[in-house]
Amino acid sequence: MTTAPKISVIVPVYNVATYVGECLSSLVHQTFTDFEIIAINDGSTDGSLAILREFEASYPFVHVIDQPNGGVSKARQAGLSCARGEYIAFVDSDDYVVPNFLEGLYNALCETGADISCCNYHLRFEVTGFTMTYPFCWKSVLTREKAMCRLIRDYSIQGFLWNKLYRKTLFTEHQIHFPTMCFEDMVMNHQLFSHADKIATIRTPLYYYQQRHTSALNTMNAKKINDYLQMLMLARQNLEKMGEFKKYEFSYQVLCTKTAFCAIYFIIKMHLDRKSLSGMWTNIKNASKTVLRFVKKDFDPNDNSKVNAVDPPKAESKYSTH
């Protein structure tokens, strides 16, 4: 391809040989044709890279980056650094999309002049095959303030990267880079949305989000829970940096409440999965104190410390299923 495509689709890949073929097949057969696919093999040890190479050999608009394992944030950043498109889409390699995924999101941007478009998606449970449409957003054009309120509250607009299309200048003009942590998509969206003038939402579900037993939310550990809390701190810092915390204070409090309950659930599940209640109550108290610290009036927006509120369950088990 000699001319830059309209859209660059970034697909991070790590040990998903069972799924990545279906993912890429759904992308190469899009009704929208002016796009490139950048697939980043993040040090896979299964047959993922071989599948990527097959698609690269068959389709001139598929490009493969092979790099040592560094995590999904570094993989996405590597793809973003190579992206030539005017717009950026992200697709997870164990998911797949409908044929008009790109067309629907692109048309929404063109028709409204928005900087970001979002679509509904199909939430599919791998084990049972049960599928439901989520998150029930309607076709609309939102101001930055309305979209930010929904995003922060996790209401109709969620922090996922993959059901959205972004104007690339949101990344480049504001020097927004992926943080090396879990839940980086929520951190990124809080920053990207805060610079978007308008956001378009589509009622039609265009994406299939697969719920697997090995997904991030189903394999929570102490590090991931700490990153989840870190996301909350970074969200407050972004609002303070933009000088708009007062405007979104109530929405942020809603986010803090939800995050606190989810963190407690993750902590309890982590300890039960490890069959050890030792340290669980301490972890719950520390996580709760951390969330309360982020909502205080005297919050320090320049605090760059790493959240370390939750420790792994101790090996000495005081819990038994027998």
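Preceding block: the structure.
Residues numbered from 1 in each chain as written. Predicted model: local features only at pLDDT ≥ 70, side-chain atom pairs only at ≥ 80, totals over all residues. Heavy atoms only, no water.

(A) A look at the packing of aromatic side chains. Enumeration over the complete set of coordinates arrives at 25 aromatic pairs. Judged by centre distance (6.1 Å) and plane angle (20°), the ring pair of Phe55 and Tyr59 falls under stacked. We classify Tyr59 as partly exposed; its relative accessible area is 24%. By way of ring pairs, the aromatic residues Phe101, Tyr121, Tyr134, Phe160, Trp162, Tyr207 and Tyr209 are connected into one cluster. (Phe/Tyr/Trp six-rings, centres within 6.5 Å; stacked < 30°, edge-to-face > 60°. Buried < 20%, exposed > 50% of the residue type's maximum accessible area, 1.4 Å probe, protein only.)

(B) Local environment of the pattern of salt bridges. Under the definition given, this model contains 15 salt bridges. For Glu36, the salt bridge is made with Arg84, and the minimal N-O distance between the two is 3.4 Å. You can see Glu36 sitting in strand E2 (residues 35-42) and its partner Arg84 sitting in the loop between helix H3 (72-82) and strand E4 (87-90), a full 48 residues away along the chain. Judged by relative accessible area, which is 1%, Glu36 ranks as buried. When its relative accessible area of 31% is taken as the criterion, Arg84 is described as partly exposed. For Lys269, the salt bridge identified is with Asp273, shortest N-O distance 3.0 Å. Residue Lys269 and its partner Asp273 are both found in helix H9 (residues 249-273); the two are separated by 4 residues, about one turn of the helix. Overlapping salt bridges, with partners in common, bring together Arg76, Asp92 and Glu184 in one network. (Salt bridge = Lys/Arg side-chain N within 4 Å of Asp/Glu carboxyl O. Helix = DSSP H or I, 4+ residues; strand = E, 2+ residues; numbered from the N terminus.)

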